[in-house]
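A closer look at the structure
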Amino acid sequence: MNPDPGLASWLQLALTPGLGPATFQRLLRHFGLPEAALSKKRSELASFTTPALLEALDSQTVAQAVKRTLAWAREPGHWVITLADDAYPKLLLEIADPPPVLFARGRVELLARAAIAIVGSRNATQQGEANAESFARSLSEAGLSVVSGLALGIDAAAHRGALAGAGSTIAVLGTGIDITYPARNAALAEDIAQRGVLLTEFALGTSPAAHNFPRRNRLISGLARGCLVVEAALASGSLITARAAAEQGREVFAIPGSIHSPLAKGCHALIKSGAKLVESADDVLVELSGFHASGYASTRQPTSSVETGLLAHMGHDPVDVDALCSRAGLSAEQVSSELLRLELDGRVAALPGGLYQRLEKG
């Protein structure tokens, strides 16, 4: 993009360490645009912030950060979006503390589209990742952009599924736009930058830190009309996103799981608290006004002849070999051989403790 002349003033305020969104917005409400605030004597700004922040505001460190960011913004596909820009996501204006400045790379037009957030565990099961990818693909094909956080597990699966549909995906980062975290998702991040959009409120060069991610999570939910939790333990950060969604007036959805799975307990807690239990993308779409079934691929898997034999005796909860021998009337050797075949075919997953779980093949 070509930065406008006033962008440097927005960046000077946004890149001053410690000057958060609340202080930024107080300055905007009192003085108007950042240029007007910065044109005032520093004594006139003293009632809005601390002496240390006023000193930092005019520091060489901030000046260099502004210069670096303006140079970055001149590159094709790079964007700095302010509260005054038409490209600023309208839904973010509804949250308590919208970032005054956003940094983006990719298709910024996606920020204006209706979106659904999909989040869940970093340590997801195979079935959880398959569910996330399948739901995301169907919802993207229905025209919704899928918002997630580029984490391992459910987030990455949701991004992959969404890239396969027309709605594409928005990855909200807990780092600067120039840093990929986790590094294992570097190829996925580059794919999103080309076909979706990467977005963050953090300045260039901001490294991953624990306190960044709850802030990121409020943007994931804030950008979307609803939030779907696929798999989550009770202590999962995904529940922070779900709570933020509820506080922001968004719909909250959760996929139920086995009563024996720790990764289902967070979803079950959300359902007990009022989240909508969903089993298919259609369940999500009918709750979001204007997005009903429209030719997308259903996430429900039809019963077929493949689900005969040993699979018919597995149910959907983890089970051990002895139990399967008893249910199916087969020897341990026969069961083990069939389990290996099914595992190689992607229909069964081996779990810790000698347990096996049936997977729905996407």
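Every value quoted in this text rests on a predicted model; they were computed, and no experiment measured them. (Residues numbered from 1 in each chain as written. Predicted model: local features only at pLDDT ≥ 70, side-chain atom pairs only at ≥ 80, totals over all residues. Heavy atoms only, no water.)

What about the sheet that holds strand β8 (residues 251-254)?
If you trace the nine strands from one edge of the open sheet to the other, you get β1-β2-β6-β5-β4-β3-β7-β8-β9, paired in mixed fashion. Whereas interior strands pair on both sides, the edge strands pair on one side only; in this sheet they are β1 (78-82) and β9 (276-277). The sheet contact formed by β8 and β9 spans two bridges and is parallel. Across the sheet, A254 pairs through a bridge with L277, a residue of β9. Against the sheet, helix α7 (residues 126-141) makes contact with β3 (115-119), β4 (145-148) and β7 (226-229), and its axis sits at roughly 175 degrees relative to β3, the strand it touches most. (Pairing = 2+ DSSP bridges. Helix = DSSP H or I, 4+ residues; strand = E, 2+ residues; numbered from the N terminus. Contact = heavy atoms within 4.5 Å. Axes fitted to C-alpha atoms, helices over the stretch in contact; angles between N-to-C directions.)

Describing the pairing of strand β12 (residues 355-358)
Across two bridges, the pairing between strand β10 (residues 319-320) and β12 is antiparallel. Looking at the pairing, D320 lines up with L355 of β12. In textbook terms, the turn of a hairpin is the stretch between consecutive antiparallel strands, and for strand β11 (residues 348-351) and β12 this stretch comprises three residues, one of which, G353, has a positive phi near 85 degrees.

Quick notes on the pairing of β1
In terms of burial, β1 is largely enclosed, as four of its five residues are buried. Note: β1 against strand β2 (residues 101-106), five bridges, orientation antiparallel. In the strand pairing of β2, W79 is matched with A104. (Buried < 20%, exposed > 50% of the residue type's maximum accessible area, 1.4 Å probe, protein only.)

A word on the pattern of salt bridges
Under the definition given, this model contains 12 salt bridges. As a salt-bridge pair, R105 and E190 come within 3.0 Å of each other at their nearest N and O atoms. Separated by 85 residues along the polypeptide, R105 in strand β2 and E190 in helix α9 (residues 186-195) bring together distant segments of the chain. A residue is classified by how much of its surface remains accessible, and R105, at 23% relative accessible area, is partly exposed. Across the salt bridge formed by R160 and E129, the nearest N and O atoms sit 3.6 Å from each other. Of the two residues, R160 is situated in helix α8 (residues 154-163) and E129 in helix α7; the sequence distance between them amounts to 31 residues. Through salt bridges with shared partners, a single network forms among D97, E201, R215 and R218. (Salt bridge = Lys/Arg side-chain N within 4 Å of Asp/Glu carboxyl O.)

Notes on the confidence of the model for the chain
Mean pLDDT over the chain works out to 89, with 92% of the residues at or above the 70 mark. Of the regions scoring below 50 in pLDDT, residues 292-307 engages in 32 contacts with residues more than four places distant in sequence or in other chains. (pLDDT = per-residue confidence, 0-100.)

Quick notes on the environment of G274
Inspection of the secondary structure assignment puts G274 in the loop between α12 (262-272) and β9. The spatial distance from the C-alpha of G274 to the C-alpha of E251 is 9.9 Å, given a sequence separation of 23 residues.

As for the sheet that holds β10
Within the open sheet, the three strands sit side by side as β10-β12-β11. Their pairing is antiparallel. Looking at which strands have only one partner, the edges of the open sheet turn out to be β10 and β11. Pairing analysis gives four bridges linking β11 to β12, with the strands arranged antiparallel. For L351, the partnering residue across the bridge sits in β12 and is L355.

Some points on α8
When you tally the buried positions in α8, you get nine out of 10 residues, the bulk of the element. At its buried positions, α8 is contacted by β3, α7, β4, β5 (169-172) and α9.

Description of the nonpolar core
Counting residues in hydrophobic clusters, the biggest one holds 37 residues, and the most contacted among them are L11 and V80. Broken down by secondary-structure element, the contributors of at least two residues to this core are α1 (7-14), α2 (21-31), α3 (34-38), α5 (51-57), α6 (60-73), β2, α8 and α9. Ranked by residue count, the leading element in this core is α6, at five residues. The residues contacting L11, other than those within four sequence positions of it, are V66, T69, L70, V80, V101 and F103. (Core = buried A, V, L, I, M, F, W, Y, C linked by side-chain atoms within 4.5 Å.)

Overview of the packing of aromatic side chains
By the definition in use, this model includes three aromatic pairs. With a centroid separation of 5.9 Å and 45 degrees between ring planes, the pair formed by Y181 and F213 is classed as tilted. Highlighted residues: Y181 in the loop between β5 and α9 and F213 in helix α10 (residues 212-222), separated in sequence by 32 residues. For Y181, a relative accessible area of 40% translates into the label partly exposed. Using a relative accessible area of 14% as the deciding quantity, one classes F213 as buried. (Phe/Tyr/Trp six-rings, centres within 6.5 Å; stacked < 30°, edge-to-face > 60°.)

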